[in-house]
Protein chains: 2
Amino acid sequence: MELTFLGTSSGVPTKTRNVSAVCIKMAETKDWWLLDCGEGTQHRLLHCKHTLKQLRGVCITHVHGDHCYGLPGLLASASMSGRTDPLTVIGPQPLEAFLNAVIETTQLRLTYELRFVEVTTLLQEDFIDADFLLRAHALSHRVPSYAFSFTERHVEVKLDVARLQADGVPPGPIWGRLQKGESVTLDNGAEIHGADYLLSARAPRRMVIGGDNDQPDLLRDACIGAQALVHESTYTHDVAEKVGQGPQHSCALAVAQFAESVALPSLVLTHFSPRYLDKTNNKNASILDIEREAASVYSGNLFLARDFEVYQLDKNGRLHRSGEVVVDI
Amino acid sequence: MELTFLGTSSGVPTKTRNVSAVCIKMAETKDWWLLDCGEGTQHRLLHCKHTLKQLRGVCITHVHGDHCYGLPGLLASASMSGRTDPLTVIGPQPLEAFLNAVIETTQLRLTYELRFVEVTTLLQEDFIDADFLLRAHALSHRVPSYAFSFTERHVEVKLDVARLQADGVPPGPIWGRLQKGESVTLDNGAEIHGADYLLSARAPRRMVIGGDNDQPDLLRDACIGAQALVHESTYTHDVAEKVGQGPQHSCALAVAQFAESVALPSLVLTHFSPRYLDKTNNKNASILDIEREAASVYSGNLFLARDFEVYQLDKNGRLHRSGEVVVDI
């Protein structure tokens, strides 16, 4: 599973960080999902291998501008690139009103069908994608906000040898056919089915990617079985105290404490207030302050996302930074 | 008068060119106007001296996304930068519906008043800005589209010596006071007023900046007294013929022929189809093709705009490329 961060700033873009957007896909496929679409997301995509033709769907966590104002332009450009396949957009109800109003008032003509899925339908049941099972999880913010979990659908299988032996199925070419999922007729005339003798070779990979949220604890259930959480960390604790509860964002300390409490293997922080500079000096707050705060309470694998970084969640459930998109102009 | 191009591509952004936006201001002031606001305009502005606090107003030529999808994000960022001064937005009626719908569906809270001016009110009378007189001019496109002319309001004055002599006002310190616009009592007891003895030292500068348009000739009246026209030149003539009349854009040939026919001193072409590459090779169409075509029929001062270029229209009415915004990350 592969993540590409296209925007890691909160509220407004900076020279180095755009507003929220992250791509998620299986490393071996070209089809992908987009989670959030701040203004300028399509500009970031010009530098990536991800194409608008191979975009399978878009999840929008909430309707604040820094998470969705790039969507109309991205939809328009998908049309201009000749897309005809329907596109799924999953988001809160006002997002549909937003899109419909923009489409109508600006006479946007899409060359493909837009399939809007109201996010609350995913609170109880999975959205079944070719590669993923998607589920939504309610968060706490000034407007309805959601996290999305992406669970890998296809995991390698292995033969249930104990059961084969218990059922007296002799080793040999039959085992190979069963492993391919075929049905086989035994010498005694009984028909047995591969599906009954297959076990998952490992746990499916699972990532949870949150929208804006001031109560990380709401993701306790969503994180069961997850190897990685991507969560906003707009402030450090002291700044969060000064800013007060109005904005309803999380600080690094709260997110890291939560991740530690559920023994989460990997945590990626993102959505940083622009007051935290990339470069450190003695005068200004820096991204390092956020990192230090989180690392002080979280013992897992900690990352602070930067724009254009690519991460891989490997089959062992280990997340690692695998590279960076090369921005050539 | 100073122009800064922030976007010179048509329809979709490319790696080197964003969608439409251009800043206009008097060289000596910090206040400025924005004409069109394609997605990503606020990102371009991060590299410029223009601030959202000193933005006096926005003119939108028409409601197609590549000319207005950056406006909601720019308005939001102006709020986040603490703007409290009212902001004027001039545009076609559907633009107001677009903005109101976006503001409502995405719960955008602006910290300042938005003053919408319906563009057709500027067809007959000037909008009076501190620096400019703005006028709108109807164009021909798939949706209602307009050009805006910016005419300098404050021109240096000189004394009307002939009239002073005819009225028997003797040379001396009195002339100096009249030139400052003061009222003066003569020895004979008559009061005379500076305003009655002042002439403009030169013609006011005037620029016309068009929106999308397939009939440059509609700007004939608007170009009277103008030193420069900024106009879309989406295609070369041959491509325009192939594409057909559907998109309702202009080719370089048509715009240049028009500019020549009205003896326009300077012409800036912009809004190029992404098929024209910046770099030339033997396979693809290039921006040079557009330049060659225009230059073949236009004998004035010809420019092909690039993102981040800055132009000055000097007091002699001569337009020249004065520099480039330095993009540092």
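The present account deals with the structure reproduced in this document. Keep in mind that this is a model prediction, so the values were computed, not measured.

**Structural notes on the pattern of salt bridges**
Residue and element names in this part refer to chain B.
Thinking step 1. Taken as a whole, this structure holds 39 salt bridges over all chains when the rule is applied.
Thinking step 2. One salt bridge connects Asp307 with Arg44, and the closest N-O pair in it is separated by 2.6 Å. One end of the pair, Asp307, is in the loop between strand 17 (301–304) and strand 18 (309–313); the other, Arg44, is in helix 1 (residues 41–45), and 263 residues separate them in sequence. The exposure classification of Asp307 matches that of Arg44, with both residues buried.

**Description of the nonpolar core**
Thinking step 1. In terms of nonpolar packing, the biggest core is built from 64 residues, with Leu34, Leu71 and Leu95 of chain A together with Leu34, Leu71 and Leu95 of chain B touching the most fellow members.
Thinking step 2. Core analysis: the next-biggest nonpolar cluster, separate from the first, contains 30 residues, Ala136, Phe150, Ile209 and Tyr311 of chain A among them.

**Thoughts on the pairing of strand 9 (residues 146–152) of chain B**
All names here are of chain B.
Thinking step 1. With seven of seven residues buried, strand 9 lies mostly within the body of the structure.
Thinking step 2. Here strand 9 shows no split at all, with Tyr146, Phe148, Phe150 and Glu152 on one side and Ala147, Ser149 and Thr151 on the other all buried.
Thinking step 3. By the bridge criterion, seven bridges tie strand 8 (residues 132–138) to strand 9 in an arrangement that is antiparallel. Along strand 9, the bridge assignment pairs Leu133 with Thr151.

**Structural notes on the sheet that holds strand 1 (residues 2–7) of chain B**
All names here are of chain B.
Thinking step 1. Taken in spatial order, the eight strands line up as 6-5-4-3-2-1-18-19 in an open sheet, and their pairing is mixed. Both outer strands of the open sheet, strand 6 (114–118) and strand 19 (319–324), are each paired with one neighbouring strand and no more. Direction aside, the axes of adjacent strands within the sheet are offset by 25° on average.
Thinking step 2. Alignment of strand 2 (residues 21–25) against strand 3 (residues 32–35), held across three bridges, turns out to be antiparallel. Directly across from Val22, in strand 3, lies its bridge partner Leu35.
Thinking step 3. On top of the sheet, helix 4 (residues 93–105) reaches strand 5 (87–91) and strand 6; it is set at about 155° to strand 6, its chief contact.

**Quick look at helix 9 (residues 287–295) of chain A**
Residues and elements named next belong to chain A.
Thinking step 1. For helix 9, the set of buried residues is Ile287, Ile290, Glu293 and Ala294. Buried residues in helix 9, looked at end-on, bunch into an arc of 125°, giving them a common side.
Thinking step 2. By the N-cap criterion, in which a side-chain oxygen at the helix start approaches the backbone nitrogen of a residue two or three places on, helix 9 is capped by Ser286, the distance to Leu288 being 2.9 Å.

**Topic: the packing of aromatic side chains**
Thinking step 1. This structure, assessed with the given rule, holds 12 aromatic pairs over all chains.
Thinking step 2. With 5.8 Å between their ring centres and 80° between their planes, Trp33 of chain B and Phe127 of chain B make a pair best called edge-to-face. In this pair, Trp33 of chain B is assigned in strand 3 and Phe127 of chain B in strand 7 (residues 127–128), connecting sequence segments 94 residues apart.
Thinking step 3. Linked through ring pairs, Trp33, Phe127, Phe132 and Phe150 of chain A together constitute an aromatic cluster.
Thinking step 4. Positioned over the ring face of Tyr112 of chain A is Arg83 of chain A, at 5.6 Å from the centre of the ring.

Definitions and limits used
Residues numbered from 1 in each chain as written. Chains lettered and ligands numbered in written order. Predicted model: local features only at pLDDT ≥ 70, side-chain atom pairs only at ≥ 80, totals over all residues. Heavy atoms only, no water. Salt bridge = Lys/Arg side-chain N within 4 Å of Asp/Glu carboxyl O. Helix = DSSP H or I, 4+ residues; strand = E, 2+ residues; numbered from the N terminus. Buried < 20%, exposed > 50% of the residue type's maximum accessible area, 1.4 Å probe, protein only. Core = buried A, V, L, I, M, F, W, Y, C linked by side-chain atoms within 4.5 Å. Pairing = 2+ DSSP bridges. Axes fitted to C-alpha atoms, helices over the stretch in contact; angles between N-to-C directions. Contact = heavy atoms within 4.5 Å. Arc of directions from axis to C-beta. Polar contact = N/O pair within 3.5 Å; in protein donor to acceptor, adjacent residues only side chain to side chain. Phe/Tyr/Trp six-rings, centres within 6.5 Å; stacked < 30°, edge-to-face > 60°. Lys NZ or Arg CZ within 6 Å of the ring centre and 35° of its normal.

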